[in-house]
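One-letter residues, chain by chain:
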Amino acid sequence: MRTDVFALRHIGPRPEEKEQMLEAIGADSIDQLIYETLPDGIRLQKPLNLEPALSEYEYATHINALANKNKLFKTYIGLGYHESKTPAVIQRNILENPGWYTAYTPYQAEIAQGRLEALLNFQTMVADLTGMELANASLLDEATAAAEAMTLLAGVRTRDQKKNGTSKFFVDKDIFPQTLSVLQTRAIPVGVELVVGRAQEFDFSDEFFGALIQYPSATGEIHDYTGFIKKAHDLDIKVAVAADLMSLVLLEAPGKLGADVVVGTTQRFGIPLGYGGPHAAYFATRDEYKRNIPGRIIGVSKDMNGDRALRMALQTREQHIKRDKATSNICTAQVLLAVMAGMYGVYHGPKGLQYIATKIHRTAATLTDALENLGLYQLNSGYFDTIRVKADAKTVRTYAEANEINFYYPDEDTVSIAVNEATSLADLNKIISVFAEALGKEFTHLEALKELNAVPDLLQRESEFMTNEVFNSYHSETELMRYIKKLERKDLSLNHSMISLGSCTMKLNAAAEMLPLSDARWGGIHPFVPVNQAEGYQYVLKKLEDQLTEITGFAATSLQPNSGAQGEYAGLMVIRAYHESRGESHRNICLIPSSAHGTNPASAVMAGMQVVVTKANDAGNIDVDDLREKAEQHKDNLAALMVTYPSTHGVYESAIQEITGIIHEHGGQVYMDGANMNAQVGLTNPGKIGADVCHLNLHKTFAIPHGGGGPGVGPICVAEQLVPFLPGNPVIKTGGEEAITAISAAPWGSSLVCLISYAYIKMLGATGLKESTEAAILNANYIKERLKGKFDVLYSGEMGRAAHEMIIDCRPFKENGIEVVDIAKRLIDYGFHAPTVSFPVAGTMMIEPTESESKAELDRFCDAMINIRKEIDAASADESNNVLKNAPHTLSMLTADTWDLPYTREQAAYPLEYVADNKFWPSVRRVDDAFGDRNLICTCAPIEEYM
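Below you will find a few notes about this structure. Everything numeric here is computed off the predicted structure, so don't read it as measured data. As a convention, each chain's residues are numbered from 1 in the sequence order in which they are written. Thresholds applied to this predicted model are a pLDDT of at least 70 for local features of residues and 80 or more for the giving and counting of side-chain atom pairs; totals over whole chains, interfaces and linings are not thresholded and use all residues. Only hydrogens and water are set aside when side-chain values are computed; all heavy atoms of the structure are taken into account.

## A closer look at the overall build of the protein
Filter applied, for reference: Secondary structure is summarised from DSSP: a helix means a run of H or I of at least four residues, a strand means a run of E of at least two, and numbering begins at the N terminus for each. For a compact globule the rule gives 2.2 Å times the number of residues to the power 0.38, and the radius of gyration it is set against comes from C-alpha atoms. Burial classes follow relative accessibility: with a 1.4 Å probe on protein chains only, a residue under 20% of its type's maximum area counts as buried, one over 50% as exposed, and anything between as partly exposed.
Within the protein one finds 32 helices and 26 strands. Relative to a compact globule of 947 residues, whose C-alpha radius of gyration would be 30 Å, the protein shows 28 Å and is just as compact. Taken along the three principal axes of its C-alpha coordinates, the protein extends 85 × 70 × 65 Å. Expressed as a percentage of the 947 residues in the protein, the buried residues total 65%.

Structure, rendered in structure tokens:
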């Protein structure tokens, strides 16, 4: 075996095993299998035009050389991004640990209690610091969190406001520019009118339903908004506050000032800058708005034994269930980063945070004092970490950049400086020396920080925070390391076994792809530095865009969207802008097949479109006649079709080119959901099937790990006519000539994790990418064959083949009293995370093995499913006390003094021989979701207080 070919390490089945698997499924070769799976008319006729594959060693040399092209200046730009110190114990045990970064979204709560506890800590920390009753488990970035706040406040308008069509939303002009840009993007399609002005001059008329203010403001000034909020409330105007979380250690909590929603970023809680992301945003609000809160919330419930157990709360709001009526998209989270930020809070505790925040503030105050001694007077009367001075910006910039320092220059007469946790006394002296040089003056070196305070007396924090035991227990590295390990042991991740989730593509996240993320040359760059300081990043991002453009068969790519759902939204907004440019802004009908990906309808509604669902035929494919009829019916207003390919039913529909042709014939554009792109790469592409735009899930097809539910990246690739409308950014130029306003806060979204996908493509090359797709299809069809006769596959292609995933029908087992959820929970006893449950068809499982899993692992999974089928056959609808209904079985059950169940302990815990060799123990029994939703608790307070 060649040891220098990455594809041989990434793809699970060995060449000789592929032959055995092909024999088992009745195919002579991979080529025959692909011929029987993929419609011949959409096959690519030539290989992808990509550079030759690099070995892992060659790639390491290559990426190291590119890292050296990035210039690591000391950066004091601020605008919501600050250099932060990642504690080494968190970097090593979470960021660099596949036990944390390869986990999936915690839908199966029994095998995700560690992650859920870490997120509960995060929620508690955020709720405490903001002074709010309820916080969610993270959003994508501060700008999109602010947009979600606007949406929530529109949703909770009073009855009269809704009746009167009250639609104005006030935004203070001292908001971050990237936040304003995202608000502009999100407001127009949903009928919200933004009004930007000064909070001090707001007229408080009954035309407004809400307002957004920044605390401290983008200029660094701290305003007392107590009166503003009270005046707004008197007129039923609700107020959102975008707050710097670190500043809230010293500033009174916005909740105490009367805020209705508080949003922001947790980036400065130990998360690298990473040229813009990924970073976990936070969202906190009042308990009365819990049914409208976006994203996911972790709540406390109990298990079958009555013991405390955590799970995602209020899941019925999720887009798969409510579709176009969903209040938000549950996929929009940054779990891994939220876990890290929460652990930063656990490690430092309230006293540690007090020390850090006080040091940051004293650094800013000492700098103010030193600059005043040079004759430069500060513009902010009250501030936390950001000061502004009047000076010749051009001259200061020349000296600053010569000393490898970045300030922010809002205009030609102003220099803004935002200090941070990493600003040392030596850094402070260097900053002062730059101004002294620019002014031609001498200065006295500082020997220590001065004990100065520039926080207004009325706004100094008095309320307690983070008093819970978890924030006051793990302050030595030994203790935190053990706490992190304790939580990790409760979670099943890819480092234990296959996670065969249909539609989610849980593939290998190779160590060679991940290693650069720990390098400060990639992690230490602010997203708004001059682009000539980020040459390494610029090279990688441009190359990745070109690679994805080639793979999709399109004309250009934008990397800005921070999740697949955000990619859907971005794609639709680009289509919307295209129609508007042609004088056809009335086009607002979006056709969505019933077999499409579940997030599509919610995204279409967010983009201001009206959803019309088209039927599926008995084979699970799009009903072409119904689609044609609806396209004809809506031809004057048809904006787009959203189609998933292969379909969510796991089938390559042979009519796909006819379908896209119908849409174009009637004036619409075709949006292809890229959730199933792992079944296309190197074999076909969206351009070939006739789409105009697609999003790609880099956290699926292109190997960015799921991280327990984020980071994700959902770039959009577009055909020629849509290129001018690719999203821009208000600080750094990006996007097309007629760019829509921003989709995310950072110009290139979560740039740091884009390194992973760049590595994946660079090391696989055209041949390896195609082989990966073929192996994914082979693995799926092998599972299909092995489960034949035990489970019915709901849909298959015209020649009887599955694509890269398949749906098995579990509804017939109701006769035995067994539901699909019972199978999901029983799989835990066999050491497996369940496949996707009840999506897209209730009572089914969608299985996707990916190309990374070996034949041995596929066989273990199939053996488990076949043995579960035997257990189903032995079950009876009249007797619920069986091994499936009681699953999963915990260690405490197995070691209890009494055992009164009608099957043996061995049957419960070790149903197959291989399980004993690598047993995974769930830490709780089956979780009672309904109890948790009736008794919603989303912070660390002990459940006994509420029962």
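Having seen the structure, we can now continue with the description.
## Things to note about the sheet that holds strand β16 (residues 589-593)
Rules: One requirement defines pairing of two strands: DSSP has to find at least two bridges between them. Convention adopted: a line fitted to C-alpha atoms gives each axis, helices being fitted over their contacting stretch, and angles between N-to-C directions are expressed from 0 to 180 degrees. The contact criterion used is simple: two residues touch if any of their non-hydrogen atoms lie within 4.5 Å.
Ordered in space as β15-β21-β20-β19-β18-β16-β17, the seven strands form an open sheet in which the pairing is mixed. In this open sheet, the two edge strands, each paired with only one partner strand, are β15 (556-558) and β17 (610-614). Averaged over all adjacent pairs, the angle separating strand axes in this sheet is 25°, with direction ignored. Note: β16 against strand β18 (residues 638-644), three bridges, orientation parallel. The residue bridging Ile 589 from the neighbouring strand is Leu 638, located in β18. Each of β15, β20 (693-695) and β21 (716-718) is contacted by helix α20 (residues 535-552), which is oriented at about 125° to β15, the strand it contacts most. Against the sheet, helix α21 (residues 564-581) touches β18, β19 (669-673), β20 and β21, its axis set at about 175° to β19.

## Here we look at the pattern of salt bridges
Inclusion rule: We define a salt bridge as a contact between a side-chain nitrogen of Lys or Arg and a carboxyl oxygen of Asp or Glu at a distance within 4 Å.
Counted under the stated rule, the structure contains 43 salt bridges. Arg 786 is paired through a salt bridge with Asp 859; the nearest N and O atoms lie 3.0 Å apart. Taken together, the positions of Arg 786 in helix α26 (residues 751-786) and Asp 859 in helix α28 (residues 855-874) put the pair 73 residues apart, joining distant regions of the chain. Of the residues examined, Arg 786 reaches a relative accessible area of 25% and is grouped as partly exposed. Several salt bridges share partner residues, and in doing so they unite Arg 786, Lys 855, Asp 859 and Asp 863 into one network.

## Let's talk about the nonpolar core
Basically, it comes down to this: Nonpolar core, defined: a set of buried Ala, Val, Leu, Ile, Met, Phe, Trp, Tyr and Cys residues in which side-chain atoms within 4.5 Å join the residues together.
Counting residues in each nonpolar core, the largest one holds 289 residues, and the members touching the most others are Phe 228, Phe 407, Ile 417 and Phe 435. If one sorts the elements of this core by residue count, helix α14 (residues 335-373) sits on top with 20 residues. Residues contacting Phe 435, with those up to four places away along its chain left out, are Leu 371, Leu 374, Leu 376, Val 389, Val 396, Phe 407, Val 415 and Ile 417. By size, the runner-up hydrophobic cluster in this structure holds 28 residues, among which are Ala 570, Leu 572, Ile 575 and Ala 607.

## Focus on the environment of Arg 296
With respect to the helices, strands and loops of the structure, Arg 296 is situated in the loop between β8 (281-285) and β9 (297-303). Considering only alpha carbons, one finds Arg 296 and Ala 313, 17 residues apart in sequence, at a separation of 7.2 Å.

## Points about the packing of helix α2 (residues 15-25) against α26
Defined as follows: The scheme is simple: roughly parallel for angles under 35 degrees, roughly antiparallel for over 145, roughly perpendicular for 65 to 115, oblique for anything else. In a left-handed crossing the near helix is turned counterclockwise from the far helix by less than a right angle, and in a right-handed crossing that turn is clockwise. Each residue receives one of three labels: charged for Asp, Glu, Lys and Arg, nonpolar for Ala, Val, Leu, Ile, Met, Phe, Trp, Tyr, Cys and Pro, and polar for the others, Gly being one of them.
Two numbers describe how α2 lies on α26: the axes approach to 9 Å, and their chain directions differ by 50°. Put simply, α2 runs oblique to α26. Crossing hand, α2 versus α26: left-handed. Contacts between α2 and α26 involve Lys 18, Met 21, Leu 22, Ala 24 and Ile 25 on the former and, on the latter, Leu 778, Asn 779, Asn 781, Tyr 782 and Glu 785. When its residues are assigned to classes, the contact of α2 with α26 shows six nonpolar, two polar and two charged.

## Digging into helix α4 (residues 56-67)
Under the convention used in this document: Between the first and last residue of a helix there are one fewer steps than residues, each counted as 1.5 Å, and that sum is the expected span. The arc in question is the one traced by the directions running from the helix axis out to the C-beta atoms.
A rise of 1.5 Å per residue sets the reference length of α4, with its twelve residues, at 16 Å; its end C-alpha atoms lie 16 Å apart and thus fit the reference within 8%. If you check which residues of α4 are buried, you get Tyr 59, His 62, Ile 63, Leu 66 and Ala 67. Projection of α4 onto a plane perpendicular to its axis shows the buried side chains occupying an angular sector of 140°, all on one side. Where the residues of α4 are buried, they touch α18 (511-514), α19 (520-523), α20 and α26.

## Structural notes on the pairing of strand β11 (residues 386-390)
Here β11 lies mainly inside the structure; four of its five residues are buried. One ladder, built from five bridges, connects β11 with strand β14 (residues 414-418); its direction is antiparallel. Each bridged residue has a counterpart across the sheet, and for Thr 386 the counterpart in β14 is Ala 418.

## Let's talk about the pairing of strand β23 (residues 806-809)
The side-chain alternation of β23 yields two buried faces, one formed by Met 806 and Ile 808 and the other by Ile 807 and Asp 809. Here strand β22 (residues 792-793) pairs with β23 via two bridges, running antiparallel. Across the sheet, the residue bridging to Asp 792 is Asp 809, located in β23.

## Comments concerning the sheet that holds strand β25 (residues 844-847)
On the basis of which strands lie adjacent, the open sheet formed by four strands has the order β22-β23-β25-β24 and antiparallel pairing. The sheet is open, and its two edges are formed by β22 and β24 (836-837), each paired on a single side. As defined by bridge partners, β23 adjoins β25 across four bridges and the pair is classed as antiparallel. Bridge pairing in β25 links Met 806 to Ile 847. Against the sheet, helix α27 (residues 820-829) engages β24 and β25, with an angle of about 45° to β25.

## Here we look at the state of the cysteines
Note on terminology: a disulfide is the covalent bond linking the sulfur atoms of two cysteines. Under the convention used in this document: The disulfide criterion is simple: two cysteine sulfur atoms within 2.5 Å.
Summed over all chains, the structure comprises zero disulfides. Not part of a disulfide, Cys 694 finds its nearest cysteine sulfur in Cys 717, a span of 4.6 Å. Judged by its relative accessible area of 0%, Cys 694 is buried. In this structure Cys 862 is a free cysteine whose sulfur lies 14 Å from that of Cys 810, the closest cysteine sulfur available. On the basis of relative accessibility, which here comes to 0%, the residue Cys 862 falls in the buried class.

## Remarks on the packing of aromatic side chains
The condition that has to hold: Stacked, tilted and edge-to-face are the three classes applied to pairs of Phe, Tyr and Trp rings, where Trp contributes its six-membered ring and a pair requires centres within 6.5 Å; stacked means planes under 30 degrees apart, edge-to-face means over 60, and tilted covers the rest. Counted as over-ring charges are cases with an Arg CZ or a Lys NZ within 6 Å of the ring centre that also lie within 35 degrees of the ring normal.
The final tally for this structure, using the stated rule, is 26 aromatic pairs. Clustering of aromatic rings is evident, with ring pairs tying together Phe 170, Phe 202, Phe 204, Phe 208, Tyr 225 and Phe 228. Its end group placed over the ring of Phe 209, Arg 157 keeps NZ or CZ at 5.8 Å from the ring centre. In this arrangement the basic side chain of Arg 186 is found over the ring face of Tyr 569, its NZ or CZ atom lying 5.7 Å from the centre.

## Thoughts on unusual backbone geometry
Going from Gly 710 to Pro 711, the amide bond is cis rather than trans, its omega being 25°. As for its position among the elements, Pro 711 is in the loop between β20 and β21. A cis amide bond links Phe 839 to the next residue, Pro 840, at an omega of 5°. Relative to the helices and strands, Pro 840 is located in the loop between β24 and β25. Residue Phe 204 is not a glycine yet carries a positive backbone phi of 50°. Among the secondary structure elements, Phe 204 is positioned in the loop between β4 (193-197) and β5 (208-215). Take Phe 204: its relative accessible area is 10%, and that puts it in the buried class.

## Some remarks on the side chain of Arg 461
Where we set the bar: Charge assignment in this entry is limited to Lys and Arg as positive and Asp and Glu as negative, and neither His nor the chain termini are counted. As used in this structure description, the phrase polar contact means that two N or O atoms lie within 3.5 Å; if the pair is within protein, one of them must be able to donate a hydrogen and the other to accept it, and residues adjacent in sequence are counted only when both atoms belong to side chains.
Tracing the sequence through the fold places Arg 461 in the loop between α16 (425-439) and α17 (477-488). There is no salt bridge for the buried Arg 461, and the closest opposite charge comes from Glu 252, which lies 4.4 Å off by N-O distance. A polar side-chain atom of Arg 461 sits 2.9 Å from the main-chain carbonyl oxygen of Asp 128. Reaching out from Arg 461, the side chain makes a polar contact with the backbone oxygen of Ser 463 at a distance of 3.0 Å.

## Brief notes about α27
Of all ten residues that make up α27, nine are buried, and the element is covered over most of its length. For α27, every residue scored as buried is listed here: Val 820, Asp 822, Ile 823, Ala 824, Lys 825, Arg 826, Leu 827, Ile 828 and Asp 829. Buried residues in α27 make contact with β24, β25, α28, α30 (905-909) and α31 (913-917). Positive phi appears at Gly 831, one or two residues downstream of α27, with a value of about 90°.

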